[in-house]
Amino acid sequence: MSILSFFGCGKKAPEYPADTLTTRDGTQLTITFFKHASLSLEADGKYIYVDPVSGYADYAALPKADVVLVTHSHYDHLDVAAVEALQTPQTEILCDRTSAEAFEMNCYTMRPGSVATPRDYLKVEAVAAYNTSAGHLQFHPKDREDCGYILTVGGSRIYIAGDTEPTPELKALKNIDIAFLPVNQPYTMTVEQAVEAVKAIRPAIFYPYHYGEVEEKTDINRLVRELEGVTEVRVRPME
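Residues numbered from 1 in each chain as written. Predicted model: local features only at pLDDT ≥ 70, side-chain atom pairs only at ≥ 80, totals over all residues. Heavy atoms only, no water.

A. Quick peek at the sheet that holds strand 11 (residues 156–160). The mixed open sheet is built from 7 strands, whose spatial order is 8-9-10-11-12-13-14. If you trace the sheet from one side to the other, it starts and ends with strand 8 (115–119) and strand 14 (232–233), each paired once. Examined bridge by bridge, strand 9 (residues 122–128) and strand 10 (residues 147–153) share 6 bridges and lie antiparallel to one another. Within strand 10, the position partnered with Val 127 by the bridge is Gly 148. Helix 4 (residues 191–201) contacts strand 11, strand 12 (178–182) and strand 13 (205–209) of the sheet and is inclined by roughly 160° relative to strand 12. (Pairing = 2+ DSSP bridges. Helix = DSSP H or I, 4+ residues; strand = E, 2+ residues; numbered from the N terminus. Contact = heavy atoms within 4.5 Å. Axes fitted to C-alpha atoms, helices over the stretch in contact; angles between N-to-C directions.)

Structure representation (structure tokens):
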């Protein structure tokens, strides 16, 4: 399915791949996939954008954001111009402490373990996101306090991991309905690590994301094969 909206003068908004699911309380939730780590969630006409980046979507032509989440300060996750294209005076921004500097602290500054309720329909829990493999620690150091987020919408728990490997904090998560885990090298998870992470948290639905844009291609077909019978793997065009 695709989101299709119309704006003034008959101009049609851009279309992007999307899935519509039903949350635990019966709310219709639409997840729209832009590219790489950029996506949005819509429920009851409320729009939550994750890591919007201008090169991945025409954000000025999309519905305005009620909430924007930024996982960390790398260029393919933090783009102030994209946030500004989505922003209204009522938009709430939640981001890690490094990205908060780009917004002059006019945001919810999230640190691993933080919990926020920016709207009555949305709870956000921050989860530590960092590298653990030797030779990769500089990409996402633990002490920078990058974040992944668990969003509770309509009673369902949606984990958007940001850039991370299978950390103890990740593997300890429980009751995850939908998980977005990054799978590209050398910056985030290998296929083996993604399989390990999925087997640890057992989401009902797993979306690989944050793959592509690097020389070493992610073997998505292998990832799907190795998780057969473990969870439902949904591959969407995020490259």
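B. Structural detail: the environment of Cys 95. You can see Cys 95 is positioned in strand 6 (residues 92–96). Owing to a relative accessible area of 0%, Cys 95 belongs among the buried residues under this scheme. Expressed as a C-alpha distance, the spacing of Cys 95 and Gly 45, which sit 50 residues apart in the sequence, is 23 Å. With residues near it in sequence (within four places) discarded, Cys 95 still touches Val 70, Ala 100, Phe 103, Cys 107, Tyr 108, Thr 109, Met 110 and Tyr 149. (Buried < 20%, exposed > 50% of the residue type's maximum accessible area, 1.4 Å probe, protein only.)

C. Inspection of the packing of aromatic side chains at higher detail. Throughout the structure, instances matching the rule amount to 9 aromatic pairs. Considering the side-chain rings of Tyr 16 and Phe 34, the 4.9 Å spacing of their centres and the 85° angle between planes classify their relative orientation as edge-to-face. Placement of Tyr 16 in the segment before strand 1 (18–22) and of Phe 34 in strand 2 (residues 28–35) is noted, with a sequence separation of 18 residues between them. Across the pair, exposure class does not vary: Tyr 16 and Phe 34 are buried alike. Relative to Tyr 49, the ring of Phe 34 has its centre 6.3 Å away and its plane inclined at 10°; by these criteria the two rings are stacked. Highlighted residues: Phe 34 in strand 2 and Tyr 49 in strand 4 (residues 46–50), separated in sequence by 15 residues. By relative accessible area, Phe 34 is classed as buried at 8%. Among the aromatic residues, ring-to-ring pairing joins Tyr 16, Phe 34, Tyr 47, Tyr 49 and Tyr 59 into one connected group. (Phe/Tyr/Trp six-rings, centres within 6.5 Å; stacked < 30°, edge-to-face > 60°.)

D. Expanded view of the sheet that holds strand 7 (residues 108–110). If you trace the 7 strands from one edge of the open sheet to the other, you get 1-2-3-4-5-6-7, paired in mixed fashion. The strands lining the two open edges of the sheet, one partner per strand, are strand 1 and strand 7. This sheet shows a mean twist of 20° between the axes of neighbouring strands, independent of strand direction. Taken together, the 6 bridges between strand 2 and strand 3 (residues 38–43) define a ladder with antiparallel strand orientation. Bridged to Thr 32 within strand 3 is Ser 40.

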